[in-house]
Amino acid sequence: MQIRITLDNDGRRLDRFLRVTFPAVPLGQIMKSIRTGFVRLDGKRAKQDTRLTEGQIVSVPWGESEQRRSQLAFDDTIKAHSNQDNLCLNVLYQDEHVLVVEKPSGLLTQPSTKGEDSLITRVLKFLDWQRRDFVPSTVQRLDRNTSGAVIVPLNGKSLRVFAELIKEEKITKIYRALVSGEIPDEGKIDVPLQKDPATNTVKVTENGKGQRAVTLFKKIKDGKRHGEYLVEANLVTGRPHQARVHLSHIGCPIVGDTKYGTVRGPRLMLHAYKLIFPDDERLKALSSTLCGLEIICHHKLFE
């Protein structure tokens, strides 16, 4: 079976392209087929990390039966949790290149198991997405109990642009949080973080270990209860649990954060409040509207 590479998959790794295109084929089988030369790129053997180019032809040893099973697997993802309530998305911005939506608290960004409800599952249904050569995904991931604005590129080119801008720390991500404890009017937290996958927890590290993590914060107003304050945090870097661990590290844990604090609340009081896109030539090539655009995701608990 032969597949022509489209612009959406230009620059994507061969192994990742095959995993998305043939979700019903086991990963081990895909990797073995690449290693043994049964997967060909323009008639030649290729490595798993080979970057694809628009117009190239990928030949695979799988036929129509695997394609049908992959289509059924894709259809199952689209149809998961198809009740009408899940179709109601708060769309903050939409054009042909990108969708920015609000993720509610309590919802996963991506499904962790097949058929599980998630933000991206609802996005696919909202868009009535039918294509399999490119499937939208988010370029940043919020914790289940964090709410707020999430970026969903709608084609391969915009996915690469937004991923590059996120990696280069050029998209400003402003969070709002209700914290407990006396916090300065403003400040900078610059301490590395390290994640323990076994416990899904993150800790502050020393002696050069861990990943660089920088958070800028400022106090907005007093909370309703004594000793609580609404703050804005600019996550210069986007590490897992960064705002939660950094604010706890300076003695001001987020209200409702039972993992890194002790102050109970109606929920984890953390919200991705604002996205600011840079005046960048790569964005201008997608849409001039995106350059310098600020998207605010209002929430009554954080006003």
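In the block above lies the structure referred to throughout.
Please read all numbers here as calculations on a predicted model, not as lab measurements.

Colleague: How should I be thinking about the pairing of strand β6 (residues 98-103) in this particular structure?
Modeller: Successive residues of a regular strand alternate their side chains across the two faces of the sheet. Summarising burial for β6: 6 of the 6 residues are buried, a large majority. The side-chain alternation of β6 yields two buried faces, one formed by V98, V100 and E102 and the other by L99, V101 and K103. Pairing between strand β5 (residues 91-94) and β6: 3 bridges, direction antiparallel. Looking across to β6, one finds that Q94 is bridged to L99. Across 6 bridges, β6 lies against strand β7 (residues 147-153) in antiparallel orientation. By the bridge assignment, V101 is partnered in β7 with V150.

Colleague: Please explain the sheet that holds strand β3 (residues 44-45) as it appears in this structure.
Modeller: The strands making up a sheet associate through backbone hydrogen bonding, with each pair oriented either parallel or antiparallel. With antiparallel pairing, 4 strands are arranged side by side in an open sheet as β1-β4-β2-β3. Sheet topology places β1 (2-4) and β3 at the edges, where each strand pairs with a single neighbour. As paired strands, strand β2 (residues 40-41) and strand β4 (residues 57-59) are joined by 2 bridges and run antiparallel to one another. Within the sheet, the bridge partner assigned to R40 lies in β4 and is S59.

Colleague: Can you help me understand the packing of aromatic side chains in this one?
Modeller: Each aromatic ring pair is summarised here by two numbers: the centre-to-centre distance and the angle between the ring planes. Counted according to the given criterion, the structure contains 3 aromatic pairs. Pairing F162 with F277 gives two aromatic rings, centres 5.8 Å apart and planes at 70°, and the pair type is edge-to-face. Pair noted here: F162 is in helix α5 (residues 156-167) and F277 is in the loop between β14 (270-276) and α7 (281-286), with a separation of 115 residues, a long-range link. We note that F162, like F277, is buried. Sitting over the face of the ring of Y229, K219 holds its NZ or CZ atom 4.4 Å from the ring centroid.

Colleague: Looking at this structure, I do not really get unusual backbone geometry. What am I missing?
Modeller: Backbone geometry follows two general trends: most residues other than glycine have a negative phi, and most peptide bonds adopt the trans configuration. Phi is positive for D42, close to 55°, though the residue is something other than glycine. Here the phi dihedral of N200 falls at roughly 55°; this positive angle occurs in a residue that is not glycine. Within the secondary structure, N200 is located in the loop between β10 (193-196) and β11 (201-204). Since its relative accessible area comes to 34%, N200 is described here as partly exposed.

Colleague: Just checking my understanding: could you explain the environment of I57 for this structure?
Modeller: Tracing the backbone through its elements, the reader meets I57 in strand β4. Residues I57 and L41 lie 16 residues apart in sequence; the distance between their C-alpha atoms is 5.8 Å. Setting aside anything within four residues of it in sequence, one finds I57 in contact with Q2, I3, R4, R40, L41 and D42.

Calculation notes
- Residues numbered from 1 in each chain as written.
- Predicted model: local features only at pLDDT ≥ 70, side-chain atom pairs only at ≥ 80, totals over all residues.
- Heavy atoms only, no water.
- Buried < 20%, exposed > 50% of the residue type's maximum accessible area, 1.4 Å probe, protein only.
- Helix = DSSP H or I, 4+ residues; strand = E, 2+ residues; numbered from the N terminus.
- Pairing = 2+ DSSP bridges.
- Phe/Tyr/Trp six-rings, centres within 6.5 Å; stacked < 30°, edge-to-face > 60°.
- Lys NZ or Arg CZ within 6 Å of the ring centre and 35° of its normal.
- Contact = heavy atoms within 4.5 Å.

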